[in-house]
Amino acid sequence: MNIDRIFIDVLHEIHKRLKNSGVNWAVTGSLGFALQGVRVHPHDVDIQTDEEGAYRIESIFPEFVVEKVSYRSSERIRSHFGVLNIHGIRVEIMGDLQKKLENGTWEPPVDVSRYKRFVEIDGMEIPVLSLEYEYQAYLKLGRMEKAEILRKFLNGQK
């Protein structure tokens, strides 16, 4: 696993504050991929949770809030979204994330607990979203480059 130390330090801060908080959360995106062995270089930390969890995370990290959590919607995705800055690393919070389907309807909010797996790093058990789920999510979003990286990894072509 080739993850810069600064990301490990940020994960320690997140893990320390969230482990007994009752928030249902998981690391997603490129850091979640890297934690599961995919060779990518993360630039930020993405956390998925539910609506309540997004606002709870914001309240647990008040000194790091850059953008307060609020409901936001784009053409393909919507969620309760906020941004933290922990040790100079951008941490995006996404609660009740929904993706727009090809027929124009929105899928139900992602049930983080359904796709959550745990990886051990530096003495911590970090929740991540499964790579199989991530692969399907990137396909739905039309983000084919990331989907292809995951497809190759899942097929053993690292």
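From a predicted model like this one, the values you see are computed outputs, not experimental measurements.

Reading the values: rules and limits
Residues numbered from 1 in each chain as written. Predicted model: local features only at pLDDT ≥ 70, side-chain atom pairs only at ≥ 80, totals over all residues. Heavy atoms only, no water. Phe/Tyr/Trp six-rings, centres within 6.5 Å; stacked < 30°, edge-to-face > 60°. Helix = DSSP H or I, 4+ residues; strand = E, 2+ residues; numbered from the N terminus. Buried < 20%, exposed > 50% of the residue type's maximum accessible area, 1.4 Å probe, protein only. Pairing = 2+ DSSP bridges. Expected span 1.5 Å × (residues − 1). Contact = heavy atoms within 4.5 Å. Polar contact = N/O pair within 3.5 Å; in protein donor to acceptor, adjacent residues only side chain to side chain. Salt bridge = Lys/Arg side-chain N within 4 Å of Asp/Glu carboxyl O.

Some details on the packing of aromatic side chains
- Here the structure, examined in full by the defined rule, presents three aromatic pairs.
- On the basis of an interplanar angle of 70° and a centroid distance of 5.7 Å, the ring pair of F33 and Y138 is categorised as edge-to-face. Placement of F33 in helix α2 (residues 29-35) and of Y138 in helix α5 (residues 131-140) is noted, with a sequence separation of 105 residues between them.

As for the pairing of strand β5 (residues 89-99)
- Taken across its 11 residues, β5 has nine buried, putting it largely inside the fold.
- If you look at the hairpin formed by strand β4 (residues 77-86) and β5, you'll find two residues sitting between the two strands, and H87 has a positive phi there, around 55°.

Quick notes on helix α1 (residues 5-18)
- Helix length check: α1, at 14 residues, gives a terminal C-alpha distance of 20 Å against a target of 20 Å (1.5 Å per residue), a fit within 8%.
- The complete set of buried residues in α1 reads F7, I8, V10, L11, E13, I14, H15 and L18.

Some words on the environment of L11
- Tracing the chain through its elements places L11 in helix α1.
- Between the C-alpha atoms of L11 and D122, which are 111 residues apart in sequence, the distance is 9.6 Å.
- Here L11 is in contact with V27, L31, L35, M124 and I126, once residues within four sequence places are set aside.

Here we look at the side chain of Q98
- Relative to the elements of secondary structure, Q98 occurs in strand β5.
- Its relative accessible area of 11% is what places Q98 among the buried residues.
- Within the structure, Q98 has its side chain in polar contact with the backbone oxygen of E107 (distance 2.8 Å).
- Non-local contacts of Q98, meaning those with residues more than four positions away in its chain, are made with Y71, R76, I77, R78, W106, E107, P108 and P109.

Brief notes about the pattern of salt bridges
- Taken as a whole, this structure holds 11 salt bridges when the rule is applied.
- Two residues, K140 and E107, come together in a salt bridge whose shortest N-O distance is 3.0 Å. A residue pair is termed long-range when its members are at least 10 positions apart, and K140 in helix α5 and E107 in the loop between β5 and α4 (112-115) qualify at 33 residues.
- Note on K140: relative accessible area 38%, which makes it partly exposed.
- Taking relative accessible area as the criterion, E107 reaches 8% and is therefore assigned buried.

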